[in-house]
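# Residue-level structural notes
So you can see what is in the structure, the chains are spelled out below.
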Amino acid sequence: GIYDEQIEKFRIGFIPYSNVILDLLRKTGVTEDEMTAMKIKNSTDNCSVKDRIVYPFENGTRITALCYRSINPNIAKEFRYMNSGSIGNTQIKNGLFGFSQLGDNVSNVVCCEGAMDAIALSEYGVPAVALGGLAMYVERYRLLKSKAKNITLLLDTDEAGRNASLKIAENY
């Protein structure tokens, strides 16, 4: 479960089964091209992320991307998560989930694969961010090092997580 405090702290949202989100975005000045780039709108002008929890990825000054998590139990595992791609002039690799919640000069931060892992750790007072299933790009590493002395990886134990851990260890 996600609690109200976590929803507010991490700015988590939910897109219901409707196109209401598209109308809201249009009213706030988001262009059709931007909605398509964020993968909120598909080629048939319908919302492509209905019934999904939305997690923002940030770099401290702005949202760089969104991650959408389906709550539909009939969706195949490989389609449960979807990343928006870059938003505006920033790139998805420039942001991390939970980055804005880190204090300044944190001695240790845990870098997880998924947003729910970072949320769970924060509930126990552990500073954590999530990669959202994406790589540890140089930009993300620099972003983390700007706030934390030590970074601990806590990735999934599947093949992808093990391979990512090895690649990160080789490069950083």
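Refer to the structure printed above.
Summarised in this report is the structure supplied together with it. (Residues numbered from 1 in each chain as written. Predicted model: local features only at pLDDT ≥ 70, side-chain atom pairs only at ≥ 80, totals over all residues. Heavy atoms only, no water.)

## Some points on the overall build of the protein
Looking only at helices and strands, the protein features 6 helices and 8 strands. Ordering the α and β elements of the protein from the N terminus gives α-β-α-α-β-β-β-β-β-α-β-α-β-α. Here the C-alpha atoms of the protein give a radius of gyration of 16 Å, agreeing with the 16 Å that 2.2 N^0.38 yields for 172 residues. By principal-axis analysis of the C-alpha atoms, the protein measures approximately 45 × 35 × 30 Å. Considering the protein as a whole, with its 172 residues, one finds that 38% of them fall into the buried category. Residue pairs at least 24 apart in sequence account for 59% of intrachain contacts in the protein once pairs closer than 6 positions are excluded. Here the protein has roughly 9900 Å² of accessible surface; of this, 51% comes from carbon and sulfur atoms. A distance of 4 Å separates the average location of the 20 positive side-chain charges in the protein from that of its 20 negative side-chain charges. (Helix = DSSP H or I, 4+ residues; strand = E, 2+ residues; numbered from the N terminus. Rg over C-alpha atoms; globule rule 2.2 N^0.38 Å. Buried < 20%, exposed > 50% of the residue type's maximum accessible area, 1.4 Å probe, protein only. Contact = heavy atoms within 4.5 Å. Areas by Shrake-Rupley, 256 points an atom, 1.4 Å probe, with all protein chains shown as cover. Lys, Arg positive; Asp, Glu negative; His and termini not counted. Charge placed at Lys NZ, Arg CZ, Asp CG, Glu CD.)

## What about the pattern of salt bridges?
Considering all chains together, one arrives at 6 salt bridges under this definition. The salt bridge involving Arg26 is made with Asp23; its shortest N-O contact spans 3.2 Å. With Arg26 and Asp23 both in helix H2 (residues 20–27) and 3 residues apart, the pair spans about one turn of that helix. Residue classification places Arg26 among the partly exposed positions, given a relative accessible area of 32%. Asp23 sits in the partly exposed class, given a relative accessible area of 42%. Put simply, Asp45 and Lys41 hold a salt bridge, and the shortest N to O gap is 3.2 Å. (Salt bridge = Lys/Arg side-chain N within 4 Å of Asp/Glu carboxyl O.)

## Remarks on helix H5 (residues 138–145)
Listing the buried residues of H5 in full gives Arg140, Leu143 and Leu144. For H5, the arc enclosing every buried residue in end-on projection is 95°, short of the 170-degree limit, so these residues lie on one face. Contacts from the buried residues of H5 go to strand E2 (52–58), strand E5 (96–97), strand E6 (106–112), strand E7 (128–130) and strand E8 (148–154). (Arc of directions from axis to C-beta.)

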